[in-house]
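Coordinate analysis (summary)
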Amino acid sequence: AGDSYPGKPIRFILPFPPGGGTDILGRIIAERLTANLGQPVVLENRGGAGGNVGAEAAAKAAPDGYTIVLVAPSLAISPSLYTKLNYDPVKDLAPISLVGTVPNVLITHPSLPAQTLAEFIALAKTKPGGMNFGSGGSGTSNHLAGELFNNVAGVKLVHVPYKGVNLAMNDVLGGQIQLVVIGIPAAAPHIKAGRLRALGVI
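Residues numbered from 1 in each chain as written. Predicted model: local features only at pLDDT ≥ 70, side-chain atom pairs only at ≥ 80, totals over all residues. Heavy atoms only, no water.

With that settled, consider the pairing of strand β4 (residues 104–108). Put simply, side chains in a regular strand alternate between the two faces of the sheet. Counted residue by residue, β4 has four buried out of five residues, so it is predominantly covered. The pairing of β4 with strand β7 (residues 179–183) spans four bridges and is antiparallel. Across the sheet, residue Ile107 finds its bridge partner in β7, namely Val180. Where β4 meets strand β8 (residues 197–201), four bridges bridge the pair, whose relative direction is antiparallel. Bridge pairing links Leu106 to Gly200 in β8. (Buried < 20%, exposed > 50% of the residue type's maximum accessible area, 1.4 Å probe, protein only. Helix = DSSP H or I, 4+ residues; strand = E, 2+ residues; numbered from the N terminus. Pairing = 2+ DSSP bridges.)

To continue, consider the side chain of Thr22. In this structure, Thr22 sits in helix α1 (residues 21–37). In this structure Thr22 comes out as buried when scored by relative accessible area, which is 18%. In this structure Thr22 touches Leu14, Pro15, Phe16, Leu70 and Ala72, once residues within four positions along its chain are discounted. (Contact = heavy atoms within 4.5 Å.)

A few words now on the sheet that holds β4. Strands belonging to one sheet form pairs held by backbone hydrogen bonds; the direction of such a pair is parallel or antiparallel. Pairing within the open sheet is mixed, and its five strands lie in the order β6-β5-β7-β4-β8. Looking along the sheet, the strands with just one partner apiece sit at the ends: β6 (158–161) and β8. On average, each strand axis in the sheet is inclined to that of its neighbour by 30°, with strand direction left out of account. When strand β5 (residues 132–135) meets β6, the two strands line up parallel, connected through four bridges. Note on β6: the bridge partner recorded for Asn132 is Val158. Lying over the sheet, helix α5 (residues 141–153) contacts β4, β5, β6 and β7, oriented at roughly 155° with respect to β5. (Axes fitted to C-alpha atoms, helices over the stretch in contact; angles between N-to-C directions.)

With that out of the way, let us pick up the nonpolar core. Considering soluble globular proteins, one finds that nonpolar side chains tend to be buried as a cluster. Core analysis: the biggest nonpolar cluster contains 17 residues, and Leu106, Phe120, Met131, Phe149, Val155, Leu157 and Leu179 have the highest contact counts within it. For this core, the secondary-structure elements that each account for two or more residues are α4 (117–125), α5 and β7. Tallying contributions element by element places α4 first for this core, with four residues. With residues near it in sequence (within four places) discarded, Leu106 still touches Leu117, Phe149, Leu179, Val180, Val181, Arg197, Ala198, Leu199, Gly200 and Ile202. Listed in part, the 13 residues of the second largest apolar core include Val165, Met169, Ile177 and Leu196. (Core = buried A, V, L, I, M, F, W, Y, C linked by side-chain atoms within 4.5 Å.)

Strands sit in the order β2-β1-β3 across an open sheet of three strands; the sheet is parallel. A strand with exactly one partner marks an edge of an open sheet, and here the two such strands are β2 (41–45) and β3 (67–69). Taking the axes of each pair of neighbouring strands and ignoring which way they run, one obtains an average angle of 25° across the sheet. For strand β1 (residues 10–14) and β2, the ladder comprises five bridges, and the chain directions are parallel. When the bridges of β2 are listed, Arg11 appears paired with Val42.

This brings us to unusual backbone geometry. The linkage connecting Tyr5 with the following residue, Pro6, adopts the cis geometry, with an omega of -5°. Within the fold, Pro6 resides in the segment before β1. Here Ala49, not a glycine, exhibits a phi torsion of approximately 55°, which is positive. With respect to the secondary-structure elements, Ala49 resides in the loop between β2 and α2 (52–59).

Any functional reading would require information beyond the geometric quantities listed.
In structure tokens:
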């Protein structure tokens, strides 16, 4: 908070691969920060382990205000899912601000014979273990959303973890998997173009 801050570029870690909701939001924030602070905000995508690779990199950086990280719900989820984290989310990171909330959408390929969520559930019930849902990796919020969907809907979709939810969305676009829960900003262009079908917003 000193008068001379910032006196050099700021490292901004995005703990997921390019193209997902965190990446899109981070790029918008970085552009505004650069304009307002008068210093470059340098983006660094550090995906992996459900956001933990990027969070760990930020936690181990010098605590001088020149490294920030845009975390997702996985920061709160990870301590209960991973037996050993190489950082402590509470002790090693300091919150700055809530910068946004991003609703998620359930998406599938338009060729799937299900026009609505109810039809998708009915179809999935006829194929227990025969349909898949993708996520940005084990323990990510879209993984847990998919498991919650299984539980609430009474279906058995098989989880397929990816190294980023955008990669899972690409496989929905290609018809390799049937469902992904993903942030609306990443999916919206494909939904508008008719390449993906939105079944519901959560």
